[in-house]
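# Overview (structure and organization)
The chain contents come next:
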Amino acid sequence: MSTSGKVIKCKAAVLWGLKQPFSIEEVEVAPPKAYEVRVKILATGICRTDNNAIIGGFHAKFPVIVGHEAVGIVESIGEEVTTVKPGDKIIPLCVPQCGFCSACINPNSNFCEKLDIEGKGVLSDGTSRFICKGKPVHHFLSTSTFTEYTVVEESSVAKIDAAAPPEKVCLFGCAFSTGYGAAINTAKVTPGSTCAVFGLGGVGLSIIIGCKAAGASRIIGIDINPLKFEKAKAVGATECINPKDYTKPISEVLKEMTDNSVKYTFEAIGHIDTIIDALASCHKNYGTSVLVGDPPSSAMLTYDPNILFTGRTWKGCIFGGWKTRNDLPKLVSDFMAKKFDLDPIITHVLPFNKIKDGFDLLNKGESIRTILTF
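The paragraphs below set out a description of the structure included in this document. (Residues numbered from 1 in each chain as written. Predicted model: local features only at pLDDT ≥ 70, side-chain atom pairs only at ≥ 80, totals over all residues. Heavy atoms only, no water.)

### Notes on the packing of helix 4 (residues 175–187) against helix 5 (residues 202–213)
Cut-off, in case you're wondering: Angles here are taken between N-to-C directions and fall from 0 to 180 degrees, while the axes themselves are lines fitted to C-alpha atoms, restricted in helices to the stretch in contact. Helix numbers and strand numbers start at the N terminus; a helix is a DSSP run of H or I with at least 4 residues, a strand a run of E with at least 2. Note on angle classes: values under 35 degrees are labelled roughly parallel, values over 145 roughly antiparallel, values of 65 to 115 roughly perpendicular, and the remainder oblique. Should the near helix be turned counterclockwise from the far one by less than a right angle, the crossing is left-handed, whereas a clockwise turn marks it as right-handed. Whether two residues are in contact is decided by their heavy atoms, any of which lying within 4.5 Å being enough. Classification convention: Asp, Glu, Lys, Arg as charged; Ala, Val, Leu, Ile, Met, Phe, Trp, Tyr, Cys, Pro as nonpolar; all other residues, Gly among them, as polar.
One way to put it is that helix 4 packs onto helix 5 with a least axis distance of 7 Å and a crossing angle of 40°. Compared by their axis directions, helix 4 and helix 5 come out oblique. The hand of the helix 4/helix 5 crossing is right-handed. Judged by residue contacts, A175, F176, T178, G179, Y180, A182, A183 and I184 of helix 4 engage G202, V203, S206, I207, I209, G210, C211 and A213 from helix 5. Looking at the contact of helix 4 with helix 5 residue by residue, the class counts come to 11 nonpolar, five polar and no charged.

Structure below.
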């Protein structure tokens, strides 16, 4: 392509500091180096994790371009890249798959050592590919998708079906894959079981889809925003409850509702209180609770160890347990085969320059997933 090997100037949403608003700026995006790919972003979702980076709840270095849930087209590739070529449709991967580290080699793990969960904000050579106003701008979760062009490492791209609609399958870059996999891969929900899902955002609704696909007979959605209940029921929740409607602990409410039979609980919020509530809400002996929501950085948990001593299983979940480069193309193919519907999760589609409006919708509780298109 004509831009190959050259610096590209484009628009990006830059965060200059903690709790500061997005600033739409012209940035310079350097050509990809060896084992790197430069991508033209087509659509990107607004995730709570991006907001957590803004307010300090998730590690990031400033200035930074956040965003990590997207679909794009490969614009150019660096030396030694062999698995994608210019023109390929891809999903940037916030959880890479290098294929060589201990996690990638282990069949039961997907926590690749290239995952930048600590917020270093640079690629493997220790530098950024973004410049704005003469200053380097940090990357976010190996992806940085709130920009017209980004540079990622080859280990952070998954080639997908060229016909897949970007404004829908961008959800496989985080929300759907994380939630659906939490039920299918991490919890391994069994047919006929009872599940409870704490938090009915994009990830929570995707968990419900996974629980239903696994054959759960009862799926209880839990949220303090009743406006989300209709969407939850549309994707498979059998009932929804608001903790604010009760004076007793939600674990007691669920115990009474289900005759003490909740086998699986999922926390898709990332709040300390609800993490403990979810753990206490699954059956004290055979129950499994899965932590799916991003917990606040540097936070500590305090809980009664008897919650676990009685036999409960407590599990964490990164990106639904998927081996990203291997599994995401298959998930997209399943979507194209109409095995699941993403429409209930997507509540708003906005042009990229309306990014501030998209985050306002998120913070007001008026959206499930807002998609930004370029």
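Now that the structure has been shown, the text picks up again.
### Some thoughts on the pattern of salt bridges
For the record, the criterion: Here, a salt bridge means any side-chain nitrogen of Lys or Arg that lies within 4 Å of a carboxyl oxygen of Asp or Glu. Exposed residues in this analysis have more than 50% of their type's maximum accessible area, buried residues have under 20%, and partly exposed residues fall in between, with area computed by a 1.4 Å probe over protein chains only.
Scanning the entire structure with this criterion turns up 13 salt bridges. Note that K85 is salt-bridged to D88, the shortest N-O span being 3.0 Å. The class for K85 is partly exposed, based on a relative accessible area of 46%. Assessed through its relative accessible area of 6%, D88 is described here as buried. Note that D343 is salt-bridged to K168, the shortest N-O span being 3.1 Å. Residue D343 is located in the loop between helix 10 (324–336) and strand 16 (346–351), and its partner K168 is located in helix 3 (residues 166–169); the two are separated by 175 residues in the primary sequence. We classify D343 as partly exposed; its relative accessible area is 37%.

### With respect to unusual backbone geometry
Residue F62 is joined to P63 through a cis peptide bond whose omega torsion reads -5°. Looking at where P63 falls in the secondary structure, it is placed in the loop between helix 1 (48–55) and strand 4 (70–77). Of note, K19 is a non-glycine position whose phi angle comes to about 60°, a positive value. Of note, K19 is situated in the loop between strand 1 (8–14) and strand 2 (23–29). Although it is not a glycine, K188 sits at a positive phi angle of roughly 55°. Along the polypeptide, K188 turns up in the loop between helix 4 and strand 10 (194–198).

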